[in-house]
Amino acid sequence: MHYCQNCGAEIESNQKVCSLCGYNLGKKESDSDEDAGITEIDPKILRSEMLKQLKKARASAFSPWMAIVPIAFFIVFFGFVLLIILITRG
Ligand SMILES: [Zn+2]
């Protein structure tokens, strides 16, 4: 059994408005809506955090490459230069 929070009258579970005072009894619905809103917001926050972490992971994964690629390029370039010098010197 439910009772009106305003006047205390007995209310059926499917009743949305108190028949005596007209008090809005949709609090359960509003609570569920709030819960739904929270559950809707949480995945978004989680997604944004996941995206941030992914971006950070990508940045941390890219930074070594950005350092290794020029070094490897220089090594190959200097190797070619050395080869050319050795060949030209005979
Ligand atoms: Zn009432």
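Residues numbered from 1 in each chain as written. Predicted model: local features only at pLDDT ≥ 70, side-chain atom pairs only at ≥ 80, totals over all residues.

Undergrad: Outline the overall build of the protein chain, supporting the account with residue identities and numerical values.
TA: In terms of regular secondary structure, the protein chain is built from 1 helix and 2 strands. Secondary structure elements of the protein chain, listed N to C terminal, follow the sequence β-β-α. Counting all 90 residues of the protein chain, 3% fall into the buried class. Once local pairs closer than 6 in sequence are excluded, the contacts in the protein chain between residues at least 24 apart make up 0%. (Helix = DSSP H or I, 4+ residues; strand = E, 2+ residues; numbered from the N terminus. Buried ≥ 20, exposed ≤ 12 C-beta atoms within 10 Å, placed from the backbone. Contact = placed C-beta atoms within 7 Å.)

Undergrad: Can you lay out the confidence of the model for the protein chain for me, pointing to particular residues and giving the numbers?
TA: Confidence along the protein chain averages 80 in pLDDT terms, with 81% of residues attaining 70 or more. Least confident of the elements in the protein chain is helix 1 (residues 27–89), whose mean pLDDT is 77; most confident is strand 2 (residues 10–11), at 88. (pLDDT = per-residue confidence, 0-100.)

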